[in-house]
Amino acid sequence: MKIVFFGPPGSGKGTQAKLIAAQFKIEHLSTGDILRGKLKDGDSLSKKLKEIMSSGNLVSDKLLNQIVTEKLNSKECVNGFILDGYPRTTHQSDFFLSFLDQKKIQLNYVFDFKIDLSLVKERILFRSQQEKRSDDNLLIIKTRIDKYMNDTYPVSEYFGVKFKKKYFKIDASQEISKIQKELIKTLKNGKK
Ligand code: AMP
């Protein structure tokens, strides 16, 4: 099963992706988690990444395209994957879609987590206190949400048109367990 999750930061898509990946035994590809893992390396790339990520801005398309294609070509993804946090820009989207074409890979589902942005702000603030994530403070929340609206939202809309029959909107203001049930039901029933 090959799935793409869209949704603003704080929409809970990461939590859902983890649960679904475990249940269906597919790889959870969170580009945010992969990049946070690289921060620990302490090399010059990690310093650059820290600067970009802690400001709420996006890391270069080139690096992200490289990270994701490496993962998708690896054994980890033979049973399928959930992409969580990619593609995030039109450039990443163009690159990703031509990669899929070239490899004759078909996506099975696209889920778009919809949520009121004021609720997102509340959630991100709460998470930043819980997890002590340096990229989640008041000052950069606006940048992250603006980035989502300007760069990623148009990509999610494009996927909605391109993958019409495979595209599902999720009401992300619901409880975690309710969203989980809705996702599983769709994944088991398949069609719209
Ligand atoms: P996330 O955990 O998905 O919110 O990602 C945390 C941070 O990692 C983002 O604010 C970006 O700085 C960076 N990041 C994650 N995924 C991408 C992507 N696909 N393109 C560019 N930057 C990304």
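Residues numbered from 1 in each chain as written. Predicted model: local features only at pLDDT ≥ 70, side-chain atom pairs only at ≥ 80, totals over all residues. Heavy atoms only, no water.

1. So, the environment of G80
For step 1, the next point in the chain: Counting through the fold element by element, G80 comes out in the loop between helix 4 (61–72) and strand 3 (81–84).
For step 2, the next point in the chain: Residue G80 is classed as buried on the basis of its relative accessible area of 0%.
For step 3, the next point in the chain: In contact with G80, other than residues within four places in its own chain, are M1, K2, I26 and E27. (Helix = DSSP H or I, 4+ residues; strand = E, 2+ residues; numbered from the N terminus. Buried < 20%, exposed > 50% of the residue type's maximum accessible area, 1.4 Å probe, protein only. Contact = heavy atoms within 4.5 Å.)

2. Focus on the site of the ligand
For step 1, the next point in the chain: The full set close to the ligand counts 16 residues, and T31, N57, G85, Q92 and R144 are the nearest of them.
For step 2, the next point in the chain: With respect to the ligand, the backbone of V59 contributes an N or O atom lying 3.0 Å from a nitrogen atom.
For step 3, the next point in the chain: Within the side chain of Q92, a nitrogen or oxygen atom sits 2.9 Å from a nitrogen atom of the ligand.
For step 4, the next point in the chain: Relative to its unbound accessible area of 480 Å², the ligand is 95% covered by the protein chains. (Near = heavy atom within 4 Å. Polar contact = N/O pair within 3.5 Å; in protein donor to acceptor, adjacent residues only side chain to side chain. Areas by Shrake-Rupley, 256 points an atom, 1.4 Å probe, with all protein chains shown as cover.)

3. Section: the environment of N189
For step 1, the next point in the chain: Following the sequence through the fold, N189 ends up in helix 8 (residues 176–189).
For step 2, the next point in the chain: A relative accessible area of 56% means that N189 is categorised as exposed.

4. Considering the pattern of salt bridges
A side chain of one charge can pair with a side chain of the opposite charge if their charged atoms are brought near each other.
For step 1, the next point in the chain: In this structure the tally under the stated criterion is seven salt bridges.
For step 2, the next point in the chain: Close ionic contact of K71 with E76 constitutes a salt bridge, the shortest N to O distance being 3.2 Å.
For step 3, the next point in the chain: Note on E76: relative accessible area 41%, which makes it partly exposed.
For step 4, the next point in the chain: Members of the salt-bridge network, linked through shared partners, are D112, K114 and E157. (Salt bridge = Lys/Arg side-chain N within 4 Å of Asp/Glu carboxyl O.)

That's the geometry; what it means functionally is another story.
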